Amino acid sequence: METQVLIIGGGVTGVGLARDLSLRGVDCTLVERRDINAGASGANHGLLHSGARYVTRDPAAAVECRDEGRILRRIAPHCIEETGGLFVAVAGDDERYAADFPGACRRAGIPCRALDPTEARALEPVLSEKLIAAYAVEDAAIDPFRLALDNLSEATARGGRVLLSTRVEGFDIEGKRVRAVRLRDAATGERRRIAAEVVINAAGAWAKEIAALAGLPLAMTWSKGSLLITDRRLAGRVINRLRPASDADILVPGGTVSILGTSSERLDSLAEIVPTVAEIDRILEAARDMVPALERTRFIRAYAGVRPLVGRAGETGDRLLSRGFALIDHAEEGLDNFLTITGGKLTTYRRMAEKAADLACRKLGVRAACRTAELPLAPRPANRWTEAGAGPRSWPEASRAPQELLLCECEMIPASAVVEVCEALRLQGARPSLYGIGRRSRVGKGTCQGAFCGVRVNAHLYDRQLLSGREGIRDLRDFLEARWRGMRPILWGTALAQEELQEALHCGLFGLDREEASCPPRP
Amino acid sequence: MPAPPLIPCDVAVIGSGIAGMSAAWFAAREGFATVVVGRTGGILFASSLLDLLAVHPLAERRLWENPWEGLARLAADEPGHPLARIAPARIREAIDAVAAALGACGLAYGDGGNRNRWVLTALGTFRPTWRVPATMEAGIAARRAGAAARIVSFHGLRGFSARGIVECARPSWKALSAAVVEFPRAAPGGELFPERMARALETEAARAALAEALTPCRQGAAALGLPAVLGISRPAEVHRDLEARLGLPLFEIPTLPPGATGPRLKEAFERALAQAGVRRILGQSVVRAEALATGGFRLETENRDFCPGIEARGVILATGRFLGGGLRAERGRVVETVFGLPVAFPEDRDRWHRRDFFDPSGHPLNRAGLPFDEAFRPLGGGGEPAHPRLFAAGSILAGQDWVRSGCGSGLAIATARAAVDGLKKALA
Ligand SMILES: Cc1cc2nc3c(=O)[nH]c(=O)nc-3n(C[C@H](O)[C@H](O)[C@H](O)COP(=O)(O)OP(=O)(O)OC[C@H]3O[C@@H](n4cnc5c(N)ncnc54)[C@H](O)[C@@H]3O)c2cc1C
Ligand SMILES: Cc1cc2nc3c(=O)[nH]c(=O)nc-3n(C[C@H](O)[C@H](O)[C@H](O)COP(=O)(O)OP(=O)(O)OC[C@H]3O[C@@H](n4cnc5c(N)ncnc54)[C@H](O)[C@@H]3O)c2cc1C
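Residues numbered from 1 in each chain as written. Chains lettered and ligands numbered in written order. Predicted model: local features only at pLDDT ≥ 70, side-chain atom pairs only at ≥ 80, totals over all residues. Heavy atoms only, no water.

1. Structural notes on the interface of chain B and chain A
Across the boundary between the two partners, chain B contributes 62 residues, which contact 60 residues of chain A. Between chain B and chain A, a total of about 5,700 Å² is buried, with carbon and sulfur atoms accounting for 58% of that surface. On the chain B side of the interface with chain A, the three residues burying the most area are Arg331, Phe357 and Phe358 of chain B, jointly 15% of the side's total. At the boundary of chain B and chain A, one finds ten salt bridges. Aspartate 356 of chain B serves as the salt-bridge partner of arginine 485 of chain A, at 3.1 Å between the closest nitrogen and oxygen. The tally of links from chain B across to chain A stands at 31 residue pairs in polar contact (both at pLDDT 80 or more). Among the secondary structure elements, those contributing two or more residues to the side of chain B that touches chain A are β4 (126–129), α4 (137–144), α5 (162–169) and α10 (402–405) of chain B. Each residue belonging to the side of chain B that touches chain A can be placed in one class, and the counts come to 27 nonpolar, 16 polar and 19 charged. (Contact = heavy atoms within 4.5 Å. Buried area = accessible area lost by both parts, 1.4 Å probe. Salt bridge = Lys/Arg side-chain N within 4 Å of Asp/Glu carboxyl O. Polar contact = N/O pair within 3.5 Å; in protein donor to acceptor, adjacent residues only side chain to side chain. Helix = DSSP H or I, 4+ residues; strand = E, 2+ residues; numbered from the N terminus. Nonpolar A, V, L, I, M, F, W, Y, C, P; charged D, E, K, R; others polar.)

2. Observations regarding the site of ligand 1
All names here are of chain A. Inspection of the region around ligand 1 gives 37 residues, with Thr13, Glu32, Ser41, Leu47 and Thr347 positioned closest. Contact distances for ligand 1 include 3.5 Å between an oxygen atom and a backbone N or O atom of lysine 345. At 3.0 Å from an oxygen atom of ligand 1 is found a main-chain nitrogen or oxygen belonging to leucine 346. Summarising the interface, the protein chains cover 96% of the accessible area of ligand 1, which totals 1,000 Å² for the free molecule. Looking at the shell around ligand 1, the elements that each hand over two or more residues are α1 (12–23), β10 (166–174), β13 (220–230) and β18 (299–310). Of the residues in the shell around ligand 1, the class split is 15 nonpolar, 17 polar and five charged. For the shell around ligand 1, the domains that each give at least three residues are domain 1 (2–40 + 145–219 + 323–364) and domain 2 (82–140 + 222–310). (Near = heavy atom within 4 Å. Areas by Shrake-Rupley, 256 points an atom, 1.4 Å probe, with all protein chains shown as cover. Domains from an automatic or database assignment.)

3. Things to note about empty space enclosed by the protein
A complete count under the given rule lists eight cavities of 30 Å³ or more for this structure. Counted as a void, the largest cavity has a volume near 110 Å³. Counting only elements with at least two residues in the lining of the largest cavity, the list comes to α12 (453–463) and α13 (471–487) of chain A together with α5 of chain B. Per-element tally for the lining of the largest cavity: the top contributor is α12 of chain A, with four residues. Looking at side-chain class alone, the lining of the largest cavity contains nine nonpolar, five polar and no charged residues. (1 Å grid on protein atoms, 1.4 Å probe; cavity = no way out; pocket = protein on both sides within 12 Å on 5 of 7 lines; lining within 4 Å. Points joined across faces, edges and corners; volume = space filled by probe spheres on them.)

4. Structural notes on the site of ligand 2
In the region of ligand 2, 36 residues are neighbours, and Ser47, Arg127, Val286, Ser395 and Ser409 of chain B sit closest. Ligand 2 sits at the junction of chains A and B, each of which supplies nearby residues. A distance of 3.4 Å is found between an oxygen atom of ligand 2 and a backbone nitrogen or oxygen belonging to glycine 41 of chain B. Protein chains bury 97% of the 980 Å² of accessible surface belonging to ligand 2 in isolation. Those elements that place two or more of their residues in the shell around ligand 2 are α14 (493–509) of chain A together with α1 (18–29), β2 (34–38) and α11 (408–427) of chain B.

5. Digging into the nonpolar core
In a soluble, globular protein the nonpolar side chains are often hidden away together inside. Core analysis: the largest hydrophobic core is formed by 256 residues, its most contacted members being Leu17 and Leu21 of chain A together with Ile151, Ile310 and Ile316 of chain B. In terms of residue count, the dominant contributor to this core is α11 of chain B (ten residues). The residues touching isoleucine 151 of chain B, leaving out its near neighbours within four places in the chain, are Leu120, Phe160, Ala162, Ile165, Val166, Leu176, Ser177, Ala178, Ala179, Gly225, Phe251 and Ile253 of chain B. Core analysis: the next-biggest nonpolar cluster, separate from the first, contains 31 residues, Leu6, Ile8, Val199 and Met220 of chain A among them. (Core = buried A, V, L, I, M, F, W, Y, C linked by side-chain atoms within 4.5 Å. Buried < 20%, exposed > 50% of the residue type's maximum accessible area, 1.4 Å probe, protein only.)

6. A look at the domain arrangement of chain A
All names here are of chain A. Taken domain by domain, chain A holds domain 1 (2–40 + 145–219 + 323–364), domain 2 (82–140 + 222–310) and domain 3 (384–518). For the pairing of domain 2 and domain 3, the buried interface totals around 1,300 Å² over both sides, and the portion due to carbon and sulfur atoms is 64%. Three residues stand out in domain 2 for area buried against domain 3, namely Arg298, Ile300 and Arg301, and they jointly supply 46% of the buried area on that side. If you look at where domain 2 meets domain 3, you find zero salt bridges. For the pair domain 2 and domain 3, the interface holds two residue pairs in polar contact (both at pLDDT 80 or more). Of all the elements in the fold, those that place two or more residues in the side of domain 2 that touches domain 3 are α7 (277–287) and β18. In the side of domain 2 that touches domain 3, the residues fall into nine nonpolar, four polar and two charged.

7. Here we look at unusual backbone geometry
The omega torsion across histidine 56 of chain B and proline 57 of chain B is -10°, close enough to zero to call that bond cis. Relative to the helices and strands, proline 57 of chain B is located in the loop between β2 and α2 (67–77). Residues proline 257 of chain B and proline 258 of chain B are joined by a peptide bond in cis, for which omega reads -5°. Mapped onto the fold, proline 258 of chain B is located in the loop between β8 (250–253) and α9 (261–276). Positive phi, normally seen in glycine, also occurs at glutamine 449 of chain A, with a value near 50°. Of note, glutamine 449 of chain A is situated in the loop between α11 (434–440) and α12.

8. What about the pattern of salt bridges?
Evaluated as defined, the whole model comprises 76 salt bridges over all chains. The residue glutamate 209 of chain A makes a salt bridge to arginine 167 of chain A at a minimum N-O spacing of 3.6 Å. Here arginine 167 of chain A lies in strand β10 and glutamate 209 of chain A lies in helix α6 (residues 207–213), a separation of 42 residues in the sequence. Using a relative accessible area of 36% as the deciding quantity, one classes arginine 167 of chain A as partly exposed. Of the charged contacts, one joins glutamate 237 of chain B and arginine 234 of chain B as a salt bridge, the two residues approaching to 3.2 Å between their closest N and O atoms.

Okay, structure coming up:
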């Protein structure tokens, strides 16, 4: 198989590239080791930055966020909830920092309006009584799953190819060019090669590993961030703590829940990206000054993502297009057709894709210009299930049969949605599995964390002939194990009682903990 | 206004799970004036299988064909385990007695003897248990014989796919096949609820209609496997009647809860308690408990109009764990919710649970609970019994992981017996 451009990594940057290139008529193939948004793109805060957060530290990044935010509101309004945002300081916070904030916003050109603390508390009653300053900004919430899936759908509709569950293992290099990329299918173990004219490394935190496979040095360190999901939406707006960036200073609404984070912890390796008990405790202790109700809130789960930090101080600073992201042309290190695009933000993914695609097109001699800033991103019906609360809301238009079965009660997901998502998976060349369905819908994201809906979805897939053999048992085990990573650090109160039920059900009644031994001796 | 008089009794049992109901039944049979107070809890999720011991040691995943041999090994390895502190003969007697009482109330059990049995589940897995409800027994014999069995599911019953069960169970049971039928009088395309199906099947008309719907499924089958929906208050009768109508053995398969098996177990227990003369104050929580100078206790419930309070000579605490509500975890500690008794638990929250959910050794927090003395009295702060007439039974006891060991109901019933034995001595 051959392709003009091979994109490594199925996060927002990779799928954004696939859409951008296919709109320019470039033939491209995206390979992703696990699934869409398996990296930072599926483990972030979902905040469409107004830029206000960066006005003091990095005004250039602030402007980039502001501009990209405006573009995304135009091209992908269906992925964005126009919540607005607040910056608030509480008694004890650095008052000088708070006082400087509006000036810094003005200098950077980021809209910001001062509010009286009582006015802010009237807007968001969860805010602490100890508020001393408040400003309104243009933050919004963005659904990274819907965004990525719609980008991918459009790319594949235009002939782009995607290989999920396919890992890049190495490169065939001849002289100054990569000839082919060596791949391995994660499910079957099968190996294959794809010849490519240009290779783009969009592997996020793993970009260093990919560069190393091509013998290229890439200075990178990592910062892990953990977040917590509440069982209900605490506030209508994004709430930022008005102080130099620190742990737990943002609460972002996402559909029917709120997300609190993030911590920031240096990592030496990517072997394990899980939220820890210590991080969660730190986040909660820091956040309750701003939102005291968090002390009594039930959490659904936690998760963690990794930010790549490219370059050691001073070393590769000149290569950064902005301090936000890194686009590296590895020609200097001896490979003419190999690029790396990493770092940045969800908010700026489109721009990252544009710059990387521009460079790739120059190398290919393609002159078509980028169109992603103008052409609206088409909303695909099959991708709408990622949105919290999408179930009830989309029934009328989806003409849900009056009696249709709900497979997931926490998130109100009907059987037809699961079937629709399985069809989308098939188009992406992926087998129907709880894991894939979970990334494309809210299945497993409610209070049961998959304990009940996982069983119901599997039963439905068997009835539909979409699973066979013991696949369903393996999928359920993997799914519950993956959800566990996020449950483990928040197990107290009601969440712990729910976990006990999950364990009684899956280990007690169904015996999944001794799955391999759960076949009786042959008669 | 004078306060209404308290309800006087010898024994008050707090908690109406398997442990609490068993304790109340044993106490009443000993001749004690007994009251049980409990809100409805996890029992509604129960499968009605009575486990004794399936796995030990956990880390080795060693499965015991003979649970009594397993218990002997458990007693040697973990002398602090609640089941290690009760004589095996006493355990057997206790479970036999409860199983017989439930049988007399419509929920019959097969023999236990010295063997665990493998029951087919709604996931198509098999899980070992000791006492199997009579409505589930035919499946065990059919699998052992390698008989051709047809698994039947109903349109609209979520989480139960006959095809899925067959696909998953086939490595252990070759001659399985699947069929799907409409449940009689179900709204087309509508959702079915096991408890409602089960109640419907207590009527003769519904059974006749179901037998008719199942008739085509008999073709080529030596036994039929159905989701566990064959009745609530008279499952044995519903089962017998359907077998007679269809002319072949039927067996139930425990479903994803909430199913019919939990309400079935709960109602059979409630009937047994009524027959034994236990006063039942159900749907109520004990919100305050106080030791009296007289040596007894005063218990207060949520709703004073419903229950003015209880004055008991002795108390058995069977309030379960986190799901039942006997224990509650805060971010850094675990508390006992009625008396504030000391709880044994790992200090560091990071050590409450292992990194992998399915880690075979189980999670340390699941062994947390009340430390107790040889009479099953929970210990106070100083290592002495918290109160001479306060006893504990069931999953709230420390030092056991009933889920992973597969010993839930057995532990609940046996420790209820032990607590009543202890209380009997204390009240003598
Ligand atoms: C905790 C946290 C919170 C954040 N919050 C925000 C926010 O609120 N707003 C915002 O704008 N930005 C936020 N960000 C930043 C944003 O999430 C990232 O910038 C963005 O998701 C990066 O996307 P990406 O596609 O470049 O990388 P990723 O999403 O990490 O994608 C890389 C992909 O490469 C794949 N891959 C790795 N190795 C291989 C291989 N060998 N073969 C094939 N594929 C491979 C991975 O599986 C992965 O899917 C946050 C980041 C973190 C970590
Ligand atoms: C999903 C599930 C599957 C199961 N499957 C099996 C199985 O296959 N085999 C098996 O042997 N057993 C099974 N069981 C049953 C299990 O064995 C028992 O639930 C377990 O032994 C615990 O029993 P318990 O009575 O100690 O506690 P619980 O069942 O937790 O009962 C405690 C009771 O006390 C009540 N309570 C708590 N606090 C108060 C208060 N302050 N005032 C009044 N009442 C209070 C609770 O509401 C509850 O009713 C299952 C249970 C569940 C949940």
